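Coordinate inspection notes
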Amino acid sequence: MSPLNERRIAALEARLGHRFSDPALIGRALTHPSAVTGSSVGTASYQRLEFLGDRVLGLAIAEMLHEAYPAADEGELARRLNQLVRRETCAAVAVELGLDQAMLVGAGEAQGGGRRKVAILGDVCEAVLAAVYLDAGFEAARSLVKTLWGPRMRETLMAPRDAKTTLQEWAQGRGLPTPVYTEVERSGPDHAPVFTILVTLDGIAPAEARGKSKREAEQTAAAAVLVREGIWSENRSGA
């Protein structure tokens, strides 16, 4: 490891609040497959660690949510979990930690903007979390998740619920395809149109709603399904 890399690793350890007893772990977590030659891509890059880190993160976040929202039902907890573990959130954490600059990528990937790709940043973030887990156990990984994801969890406390997003996540959680929104009618004058939208979902009765815009009608239709299925209460607005 070059002095420059050693300095970067030391700076990253300071940001993580964890000094690795096995430096090879963090080195592998920061290595993109494009920087590995030969047949050792799966073991010398972050790929296996990312697989593990995804599970460590999910468990740690689920535990945080279970403790923070004692009155929340399964659907509410799942919605918050999906928001916190999604690729974009992990990528934001990666940039916050400086992983975009610390990771090792091949020349071609670097020229192609690899250090800015959300998918890569999200994977590296999860790989680093797995490295902490393997180096010091779940308690250390959980502590790191609380530090980095805790503020994001609290920021979403009062966030408005988006009906379309919630319905899609609910459907995905049950192995159903993405809901389909179809415009069935447009009425009224051009300056004040009224759209009628039908939302369909395999195995679920469709719902129809009207709105002054397609988005409003789609949100209202999605909210109607959520209320009917008992996911939202009657007085909950998804628009």
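Residues numbered from 1 in each chain as written. Predicted model: local features only at pLDDT ≥ 70, side-chain atom pairs only at ≥ 80, totals over all residues. Heavy atoms only, no water.

**A look at the layout of surface pockets**
Taken as a whole, the largest pocket encloses approximately 240 Å³ of empty space. Taken together, 14 residues line the largest pocket, and the ones lying closest to its centre are Ala 78, Asn 82, Glu 169, Trp 170 and Arg 174. Secondary structure elements with two or more residues in the lining of the largest pocket: helix H5 (74-85) and helix H11 (163-173). It is H5 that provides the largest number of residues to the lining of the largest pocket, a total of six residues. Residues of the lining of the largest pocket, tallied by class, amount to three nonpolar, five polar and six charged. (1 Å grid on protein atoms, 1.4 Å probe; cavity = no way out; pocket = protein on both sides within 12 Å on 5 of 7 lines; lining within 4 Å. Points joined across faces, edges and corners; volume = space filled by probe spheres on them. Helix = DSSP H or I, 4+ residues; strand = E, 2+ residues; numbered from the N terminus. Nonpolar A, V, L, I, M, F, W, Y, C, P; charged D, E, K, R; others polar.)

**Describing the packing of helix H4 (residues 47-68) against H5**
For the pair H4 and H5, interaxial distance at closest approach is 10 Å and the crossing angle is 135°. On the basis of their axis angle, the class for H4 and H5 is oblique. Where H4 crosses over H5, the two elements pack in a sense that is right-handed. Of the residues in H5, those in contact with Leu 57, Gly 58, Ile 61, Ala 62, Leu 65 and His 66 of H4 are Leu 77, Arg 80, Leu 81, Leu 84 and Val 85. Split into classes, the residues belonging to the contact of H4 with H5 amount to eight nonpolar, two polar and one charged. (Axes fitted to C-alpha atoms, helices over the stretch in contact; angles between N-to-C directions. Parallel < 35°, antiparallel > 145°, perpendicular 65-115°, else oblique. Left-handed = near helix turned anticlockwise from the far one by under 90°. Contact = heavy atoms within 4.5 Å.)

**Re the pattern of salt bridges**
Tallying each qualifying case throughout the model produces 12 salt bridges. Between Asp 54 and Arg 55 there is a salt bridge, and its shortest N-O distance comes to 3.2 Å. Salt bridges here are not isolated pairs; linked through shared partners, they connect Glu 63, Glu 139 and Arg 142. (Salt bridge = Lys/Arg side-chain N within 4 Å of Asp/Glu carboxyl O.)

**Things to note about the pairing of strand E3 (residues 204-211)**
Pairing between strand E2 (residues 194-201) and E3: six bridges, direction antiparallel. Opposite Val 199, over in E3, you have Ala 207 as the bridge partner. Taken together, E2 and the strand that follows it, E3, pair antiparallel across an intervening segment of two residues, in which Gly 203 is found at a positive phi of about 80°. (Pairing = 2+ DSSP bridges.)

**Here we look at the nonpolar core**
One finds Leu 30, Leu 99 and Trp 149 to be the most contacted residues of the largest nonpolar core, which totals 43 residues. Every element with two or more residues in this core is listed here: helix H1 (3-16), helix H2 (23-29), H4, helix H6 (87-97), helix H7 (99-102), helix H9 (118-136) and helix H10 (138-155). The biggest single contributor to this core is H9, with 10 residues. Ignoring any residue separated from it by four or fewer positions in sequence, one finds Leu 30 in contact with Ile 9, Leu 12, Leu 99, Ala 102, Met 103, Leu 104, Val 124 and Val 128. (Core = buried A, V, L, I, M, F, W, Y, C linked by side-chain atoms within 4.5 Å. Buried < 20%, exposed > 50% of the residue type's maximum accessible area, 1.4 Å probe, protein only.)

**Focus on H11**
All of the buried residues in H11 are Ala 163, Thr 166, Leu 167, Glu 169, Trp 170 and Ala 171. Contacts from the buried residues of H11 go to H5, strand E1 (180-187), E2, E3 and helix H12 (214-228). Of the residues flanking the end of H11, it is Gly 175, one or two places downstream, whose phi is positive at about 75°.

**Structural notes on the pairing of E2**
Where E1 and E2 come together, seven bridges link them in antiparallel fashion. Across the sheet, the residue bridging to Ser 187 is Val 194, located in E2. Hairpin connection between E1 and E2: a loop of six residues separates the two successive antiparallel strands, and Gly 188 in this loop has a positive phi of roughly 85°.

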